[in-house]
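Single-letter residue listing:
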Amino acid sequence: MKKRLLLATTILCGLWHNLPAQSRAGVEQYYYMGNYQTFAFVPVVYYQSAKKWYAEGRFNYEALNTMALYGGKTFDKTGVISYTASPLLGIVLGEMNGGSVGLNLEADYHRLSFNTQSQYTFSAQQRTNNFVYSWSDLTYRVSGRFAAGASLQQTKLYHVNGAFDTGILLKPAYKSWAFPLYLFRPESKERYFVLGINYEWENNHAKNSIDH
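Residues numbered from 1 in each chain as written. Predicted model: local features only at pLDDT ≥ 70, side-chain atom pairs only at ≥ 80, totals over all residues. Heavy atoms only, no water.

**Points about the overall build of the protein chain**
Looking only at helices and strands, the protein chain has one helix and 15 strands in total. Going through the 212 residues of the protein chain one by one, you find that 42% of them count as buried. Sequence separation of at least 24 residues holds for 43% of the intrachain contacts in the protein chain that already meet a minimum separation of 6. In the form shown here, the protein chain has an accessible surface area of approximately 11,200 Å², with 62% of it arising from carbon and sulfur atoms. (Helix = DSSP H or I, 4+ residues; strand = E, 2+ residues; numbered from the N terminus. Buried < 20%, exposed > 50% of the residue type's maximum accessible area, 1.4 Å probe, protein only. Contact = heavy atoms within 4.5 Å. Areas by Shrake-Rupley, 256 points an atom, 1.4 Å probe, with all protein chains shown as cover.)

**As for the pairing of strand 10 (residues 146–154)**
Direction of pairing for strand 9 (residues 131–143) relative to strand 10: antiparallel, over a ladder of nine bridges. When the bridges of strand 10 are listed, S136 appears paired with L152. Taking the residues between adjacent antiparallel strands as the criterion, strand 9 and strand 10 are bridged by two residues. Where strand 10 lies against strand 11 (residues 165–174), eight bridges are found, and the strand directions are antiparallel. Opposite L152, over in strand 11, you have T166 as the bridge partner. (Pairing = 2+ DSSP bridges.)

**A few points about the confidence of the model for the protein chain**
Averaged over every residue, the pLDDT of the protein chain is 85; the share at 70 or more is 79%. Long-range and interchain partners of residues 4–13, a stretch whose pLDDT sits below 50, account for twelve contacts in this model, where long-range means more than four residues apart. Here residues 205–212 scores under 50 on pLDDT; set against residues more than four positions off or in separate chains, the count is 32 contacts. (pLDDT = per-residue confidence, 0-100.)

**Notes on a nonpolar patch on the surface**
The grouping of V80, I81, Y109, L112, F114, L138, Y140 and V142 at the surface amounts to a nonpolar patch, some 750 Å² of accessible area in total. Among the secondary structure elements, those contributing two or more residues to the nonpolar patch are strand 8 (112–123) and strand 9. At three residues, strand 9 tops the list of elements feeding residues into the nonpolar patch. Mapped onto the fold, I81 is located in strand 6 (residues 81–94). (Patch = residues over 30% accessible without salt bridge, like charges linked within 9 Å, V, L, I, M, F, W, Y side chains within 5 Å. Salt bridge = Lys/Arg side-chain N within 4 Å of Asp/Glu carboxyl O.)

Quick look at the structure:
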């Protein structure tokens, strides 16, 4: 399974060097740290074509030792409130096998940014493994290289009962790199951290990842 993901990542890296105008691609890696097992390998790779077709691959995201491949199309609008919305349909392979439908949504208003990722994932093996997932961030861009805000997360990996976790978010960036740091359950002894290391390309040159 890891070999398949590495192959997909290698192919995507080859595409990055020849991105057509208006296309973009990126890599995201998240580390979970807290009072449970640390997940050191949770990568996400994505590519959007010049015609707004969107593809995304994930590993250890829907479930451990599981790869998910998504496809869809992005719809966007630029104005006082700018937004992009990508409805997705995916297949899940590995320790969990099934399918998934989801939506990636981003919106910007001046210095405020909102983004959310939501999905319903179902297992072909056992219905009790079906789950709803969402992760939403609301941030204020303090400067071109730093944003801060709040986050709301529901993830089946840690919350079988479907409870939501609230948290705070700090998001420094440098050129096309972004390093979001989350602290969830800050008031609880069960607090935990999520550190992201993200990189994005757009229009044959790097884009500052702090701007959606």
